[in-house]
Amino acid sequence: MNSVLRYCILVNSYSENSPIDSVGFFQWSKVFNGEILNSHEVIPNLKDDDFDLIHVRVSSANFNIIKQVREKIGKKSKTKIILSIDTPPEVFYDEFPNYDDINEALMAGGFFF
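About the thresholds
- Residues numbered from 1 in each chain as written.
- Predicted model: local features only at pLDDT ≥ 70, side-chain atom pairs only at ≥ 80, totals over all residues.
- Heavy atoms only, no water.
- Buried < 20%, exposed > 50% of the residue type's maximum accessible area, 1.4 Å probe, protein only.
- Helix = DSSP H or I, 4+ residues; strand = E, 2+ residues; numbered from the N terminus.
- Pairing = 2+ DSSP bridges.
- Right-handed = clockwise from strand over helix to strand, strands pointing away.
- Contact = heavy atoms within 4.5 Å.
- Axes fitted to C-alpha atoms, helices over the stretch in contact; angles between N-to-C directions.
- Patch = residues over 30% accessible without salt bridge, like charges linked within 9 Å, V, L, I, M, F, W, Y side chains within 5 Å.
- Areas by Shrake-Rupley, 256 points an atom, 1.4 Å probe, with all protein chains shown as cover.
- Salt bridge = Lys/Arg side-chain N within 4 Å of Asp/Glu carboxyl O.
- Arc of directions from axis to C-beta.

Caption draft 1: Representation of the pairing of strand β4 (residues 80–84) within the structure. Counting buried residues along β4, 4 of its 5 residues qualify, which places the element largely inside the surrounding structure. Sheet topology places strand β3 (residues 53–57) next to β4; 5 bridges connect them, and they run parallel. Looking at β4, one finds that Arg57 is bridged to Ser84. Read as a crossover between parallel neighbours, the route from β3 over helix α4 (residues 63–73) to β4 is right-handed. Pairing between β4 and strand β5 (residues 111–112): 2 bridges, direction parallel. The residue bridging Leu83 from the neighbouring strand is Phe112, located in β5.

Here is the structure:
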């Protein structure tokens, strides 16, 4: 049995040299000894059990990532999706104007930070 946790954060775009927003969010990759990966490179070939945990920051720009990951790994997957709502309350409704979109994204998650 492999005791190493396979963890990643999926983002729309990331490079080692780019400035990072949500600095606290990206620290989870260090906590879990994981990687920050570009979703467009991972999702096309993603299978259930490629990772133990896939972490996505909840934002309107990431709704598609969350939906695609859930579709690829299935509803009863071994892989768990962690969603972080890293949005200050004062801008929450600006970021998520459509209740159906946020509801669909949250229903795809398994754990919430």
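Further notes follow.
Caption draft 2: Layout of the sheet that holds strand β1 (residues 7–11). As summarised here, the arrangement of the 5 strands in space is β2-β1-β3-β4-β5, forming an open sheet in which the pairing is parallel. Of all strands in the sheet, those with a lone pairing partner are β2 (35–38) and β5, marking the two edges. In terms of strand pairing, β1 meets β2 through 4 bridges, oriented parallel. When the sheet's bridge partners are listed, Cys8 is paired in β2 with Glu35. Contacting β1, β3 and β4, α4 runs over the sheet at an angle of about 170 degrees to β4.

Caption draft 3: Geometry of a nonpolar patch on the surface. A cluster of nonpolar side chains, Trp28, Val31, Phe111 and Phe113, forms an exposed patch at the surface whose accessible area comes to about 390 Å². Judged by relative accessible area, Val31 falls into the exposed class, the value being 57%.

Caption draft 4: Local environment of the pattern of salt bridges. Scanning the model with the defined rule gives 4 salt bridges in all. With its nearest N and O atoms 4.0 Å apart, the salt bridge here joins Glu104 to Lys67. Placement of Glu104 in helix α6 (residues 99–108) and of Lys67 in helix α4 is noted, with a sequence separation of 37 residues between them. The exposure class assigned to Glu104 is partly exposed, which follows from its relative accessible area of 44%.

Caption draft 5: Here's a closer look at α6. The set of residues buried in α6 consists of Ile102, Ala105 and Ala108. In an axial view of α6, the angular spread of the buried residues amounts to 125 degrees, which keeps them on one side of the axis. The outward face of α6, more than 90 degrees from its buried face, is lined by the exposed residues Tyr99, Asp100 and Met107. For α6, the elements touching its buried residues are α4 and β4.

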